[in-house]
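Residues per chain, in single letters:
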Amino acid sequence: TGEMHTGGEPLRIIPRLEAAEQAAAAGLSLLSLRREVAATQDHVRRALMHEPRGHAGMYGAVVVRGGAAAEGAHLAALILHCAGYSAIAMCGHAVMALGRFALDYGLVPAPARPETAVRLRCPCGPVTAFVPWDGRRSGNPVRFHSVPAFAAATDLAIDVPGHGKVVVDIGYGGTFYAFLSAEQLGLDVCSSKTRDLVSAASAVTEAVKKQFKLHHPESEDLAFLYGTILTDGKDAFSEEPTTNICVFADEQVDRSPTGSGVTARIALQYHKGLIQLDQTRTFRSSTTGSLFTGKAVKATRFGNYNAVIVEVSGEAFYTGTATFTVEEEDPLKHGFFLK
């Protein structure tokens, strides 16, 4: 595997999975391929994401080249985490890391200086990363242009057990997130204990799932709430960074500011008239202090929604390479997960 992180959020890259390549060559779309790999190759995900080879916050990507899955892109990617397989189009931290990986490992023919466009396809759409290239190796910062992002609901009243009524916004940035200030839950996103923030965000996610039905313009497979992002409440445009924490999947905590979350949050702020096109905002992770920037670069339509294309920028770094061993007689060979 190739080992990377973006803003502290890990990415374990699996450059080749034979079963996925064969299924792609047979004509499976990426969404179909995701279902096939989940059904037949889940031991690979568990072995690499879970302990003892991974950890509760691990994230991964299976690179797929060619076939129907890639559909003309330089590469396709199946996104993995401890709870399963992400359907999100543009896990932003993964896109930034994969953009560098694609250049450095020869997946893009004839890269251009000083910046190369890397076309990636993920389960619900194409994303383009723009990666610095000096003729020998990739560099930072990496930026990408999102799939169309939109406000799915604003000022939605939700009853959260243990917290009472709160008001949330739901934004789509490749996947759906609920957004609210941590203050509504009696917490401070910058100073409260991470455990308390995670528990509160998870309660919001479960409450929204029960009380609000999501709709995706293209695929009901993608109409699910991926997580909740607690913010410092600073949604109006400012030169100062705004801080958030993203809790997704099975209580995983993003160490980065969250690329798809920044995308959805920019879409919400644009929808509310709080920012204009090409106004750049800086987003800080409350867990690591790492920074992403984001701006709406183009207004568009997505189904019945007014949407925007968002540009997100951040830094991705290599941490190493790894070779893992699975011994058949090992009773824990496919990993275990502690919560």
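Per an unreviewed UniProt entry, the protein chain is named trans-L-3-hydroxyproline dehydratase, and its organism is Falcunculus frontatus. Comment text from UniProt for the protein chain, heading Catalytic activity (unreviewed entry), reads "trans-3-hydroxy-L-proline = 1-pyrroline-2-carboxylate + H2O". Within the UniProt record for the protein chain, the comment given under Sequence similarities (unreviewed entry) is "Belongs to the proline racemase family."

Participant: So what exactly am I meant to see when it comes to the pattern of salt bridges here?
Facilitator: Opposite charge on two side chains makes pairing possible when the charged atoms of those side chains draw close. Considering all chains together, one arrives at 15 salt bridges under this definition. E3 serves as the salt-bridge partner of R12, at 2.9 Å between the closest nitrogen and oxygen. Judged by its relative accessible area of 12%, E3 is buried. Linking R121 and E71 is a salt bridge whose minimum nitrogen-to-oxygen distance equals 3.9 Å. Placement of the pair is R121 in strand 6 (residues 115–122) and E71 in the loop between helix 4 (67–70) and strand 4 (75–81), with a sequence separation of 50 residues. One network of salt bridges, in which partners are shared, links D42, R45 and R46.

Participant: Can you walk me through the pairing of strand 10 (residues 164–172) in this structure?
Facilitator: Residues in a regular strand point their side chains to alternate faces of the sheet. Strand direction decides the pairing type here: strand 9 (residues 149–160) and strand 10, joined by eight bridges, are antiparallel. Counterpart to D159 in the pairing with strand 10 is K165. Remark: three residues form the turn of the hairpin made by strand 9 and strand 10, two consecutive strands paired antiparallel; G162 in that turn has positive phi of roughly 90°. When strand 10 meets strand 11 (residues 176–181), the two strands line up antiparallel, connected through four bridges. The partner of G171 across the bridge, within strand 11, is Y177.

Participant: Where do I start with helix 1 (residues 18–25) in this structure?
Facilitator: Structural remark: α-helix, 3.6 residues per turn; residues separated by three or four positions point the same way. Taken residue by residue, helix 1 has A20, A23 and A24 as its buried positions. Along the axis of helix 1, the buried residues cluster in a sector spanning 100°; they form a single face. Opposite the buried face of helix 1, at more than 90 degrees from it, the exposed residues are Q22 and A25. Summarising the contacts, the buried residues of helix 1 are in contact with helix 2 (30–40), strand 3 (59–64) and helix 4. Among the residues trailing helix 1, G27 stands out with phi positive, at a value near 110°.

Participant: Could you clarify how one ought to interpret unusual backbone geometry in this entry?
Facilitator: Phi is mostly negative for residues that are not glycine, and the peptide bonds are mostly trans. Going from E51 to P52, the amide bond is cis rather than trans, its omega being 5°. By secondary structure assignment, the location of P52 is in the loop between helix 3 (42–49) and strand 3. N140 connects to P141 through a cis peptide bond whose omega is -5°. The phi dihedral of D155 falls on the positive side, at around 50°, and the residue is not glycine. As for its position among the elements, D155 is in strand 9. Although it is not a glycine, E251 sits at a positive phi angle of roughly 60°. Secondary-structure assignment places E251 in the loop between strand 13 (242–248) and strand 14 (252–253). Exposure remark for E251: the relative accessible area of 28% places this residue in the partly exposed category.

Participant: How do you make sense of the side chain of Q269 when you look at a structure like this?
Facilitator: Within the secondary structure, Q269 sits in helix 7 (residues 259–271). Among the residues examined, Q269 registers a relative accessible area of 1% and is labelled buried.

What counts, and where the lines are drawn
- Residues numbered from 1 in each chain as written.
- Predicted model: local features only at pLDDT ≥ 70, side-chain atom pairs only at ≥ 80, totals over all residues.
- Heavy atoms only, no water.
- UniProt positions renumbered as here; feature names shortened; annotations may be inferred.
- Salt bridge = Lys/Arg side-chain N within 4 Å of Asp/Glu carboxyl O.
- Buried < 20%, exposed > 50% of the residue type's maximum accessible area, 1.4 Å probe, protein only.
- Helix = DSSP H or I, 4+ residues; strand = E, 2+ residues; numbered from the N terminus.
- Pairing = 2+ DSSP bridges.
- Arc of directions from axis to C-beta.
- Contact = heavy atoms within 4.5 Å.

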